[in-house]
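Notes for the structure review
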Amino acid sequence: MGRSSNTIESIKTLGLEALVSKNKETFTKHFAFAPVFTAYAPGRINIIGEHTDYNQGLSMPCAINRWVTVSMSANKSKHVTVKSIDFAGEMNFVLGQPYGPKNSWEKYIYGCILLFSGAKPIPSGFQAVISGNVPIGSGVSSSAALEVAFMNALNHFSKAGIDDLSLIKLCQQVEHQYLGVKSGLLDQYASQFSVAGKVMLLDFQNLAHRYISADTDGYVWVLCDTKVKRSLAGSKYSERVEETQSALSTLKEKDKNIKGFRDIKENHIALLENPDQQKRIKHYVTENKRTEDALNAFERNDMKALGELLTASHYSLKDDYEVSCNELDFLVKEALATGYCAGGRMMGGGFGGCIINLVRETDANAFSQQIQQAYKQKFNIETEINIYQSVNGAGIYTY
Ligand code: GLA
């Protein structure tokens, strides 16, 4: 997906209220009447716990100060008009009649509408305008922010009262059924449930979370974007989902005590004959352990240990899970070589997107400059560097 570039610079760093008013204004200009409300949902970073969510594992995300906003108003017909500012497009169709989405953003919206109306009736047609500033294809979950914002808008508009967990499960089904990506719930969960100033420890075995202070004791999370756009559809993502699920089936046959993923321990890995499956499961088991250790490091305020866990996670994702790429590996190596960074790793689905580094706040500028220079020299690409704030999850502004 590519966002039209002329809008991006101006809205990139807008705060939530400014972004919401801008979207509201655009709606009013376009339709010549004001929207009734604006729903919003943020992107996310994930500190550790990667490629574990779809297998009942652990993750540690928080939402970031970049959002997708959806302004909406009902009409008296069954006609739906949805305008995307960032993708410079408009969908027009009638509820209950078939529509063929023309591209990815339309698939997300149409998928949301069909799945939502399968759960609760949508009472009438509506007009909507969508815009946002979550970087696209960078691994900070712009797609989840779009689904979560739009589902929250539908829930509010329809007065359906679907609870937050059921709502994000519908969003996940949009990915599964309309985009063909068997993703987990990490992104939607973080976008819906985050709390400002906190990171979440998410346990996908029982879909439970707890909040821990996001304080990093003089360090900040610095994100460096490879600018290698990745799309999970058609990538090795689905292959990893299948490999790990078939590894679980094998292990269940070999050891009757293994009922689910979380019963797998390091000593079970040798039971697998397929070397690729061994590596994938090794990543899974060790990444869950690293996520538990990261919680302890946070609680002890031990940023050095936290950084080291991130770096170990990177090498596990690179060598065992094999979801990294040259650009990500180069950035991690350079980040560590600066000496300003306690640790770093690729973040999100992989094969592109960005790395996340734990850097001393006072060194963040020097760190960024070194990384920018090194990356430009090696790949002739300008990396984009961002330091995000942790924010609240999705919500609604009513007028
Ligand atoms: C993507 C998916 C998530 C998760 C991460 C990897 O962001 O959408 O469900 O699997 O990759 O941790």
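For the structure itself, consult the block above.
Everything in this summary refers to the structure shown in the same document. (Residues numbered from 1 in each chain as written. Predicted model: local features only at pLDDT ≥ 70, side-chain atom pairs only at ≥ 80, totals over all residues. Heavy atoms only, no water.)

**Quick word on the sheet that holds strand β12 (residues 384-387)**
The 4 strands lie next to each other as β10-β11-β9-β12, forming an open sheet whose pairing is antiparallel. If you trace the sheet from one side to the other, it starts and ends with β10 (341-346) and β12, each paired once. Taking the axes of each pair of neighbouring strands and ignoring which way they run, one obtains an average angle of 20° across the sheet. By the bridge criterion, 5 bridges tie β10 to strand β11 (residues 354-360) in an arrangement that is antiparallel. Paired with Gly344 across the two strands is Asn357, which belongs to β11. Running at roughly 175° to β10, helix α10 (residues 326-337) makes contact with β9 (219-225), β10 and β11 of the sheet. Here helix α11 (residues 364-379) sits on the sheet and contacts β9, β10, β11 and β12; the angle it forms with β9, its principal contact strand, is near 20°. (Pairing = 2+ DSSP bridges. Helix = DSSP H or I, 4+ residues; strand = E, 2+ residues; numbered from the N terminus. Axes fitted to C-alpha atoms, helices over the stretch in contact; angles between N-to-C directions. Contact = heavy atoms within 4.5 Å.)

**Some thoughts on the side chain of Asp203**
Structurally, the position occupied by Asp203 is in strand β7 (residues 198-203). Here the side chain of Asp203 touches Arg262 through a polar contact of 2.9 Å, side chain to side chain. In this structure, Asp203 is in contact with Gln56, Gly57, Leu58, Ala208 and Arg262, ignoring residues within four places of it in sequence. (Polar contact = N/O pair within 3.5 Å; in protein donor to acceptor, adjacent residues only side chain to side chain.)

**Some words on the packing of helix α9 (residues 303-320) against α10**
Their axes nearest at 11 Å, the elements α9 and α10 cross at an angle of 155°. Here α10 runs roughly antiparallel to α9, going by the angle between their axes. Taken as a pair, α9 and α10 cross one another with a handedness that is left-handed. Between α9 and α10, the contacting residues are Thr311, His314, Tyr315 and Lys318 on the first element and Leu328, Asp329, Val332, Lys333 and Leu336 on the second. A per-class count over the contact of α9 with α10 returns 4 nonpolar, 2 polar and 3 charged. (Parallel < 35°, antiparallel > 145°, perpendicular 65-115°, else oblique. Left-handed = near helix turned anticlockwise from the far one by under 90°. Nonpolar A, V, L, I, M, F, W, Y, C, P; charged D, E, K, R; others polar.)

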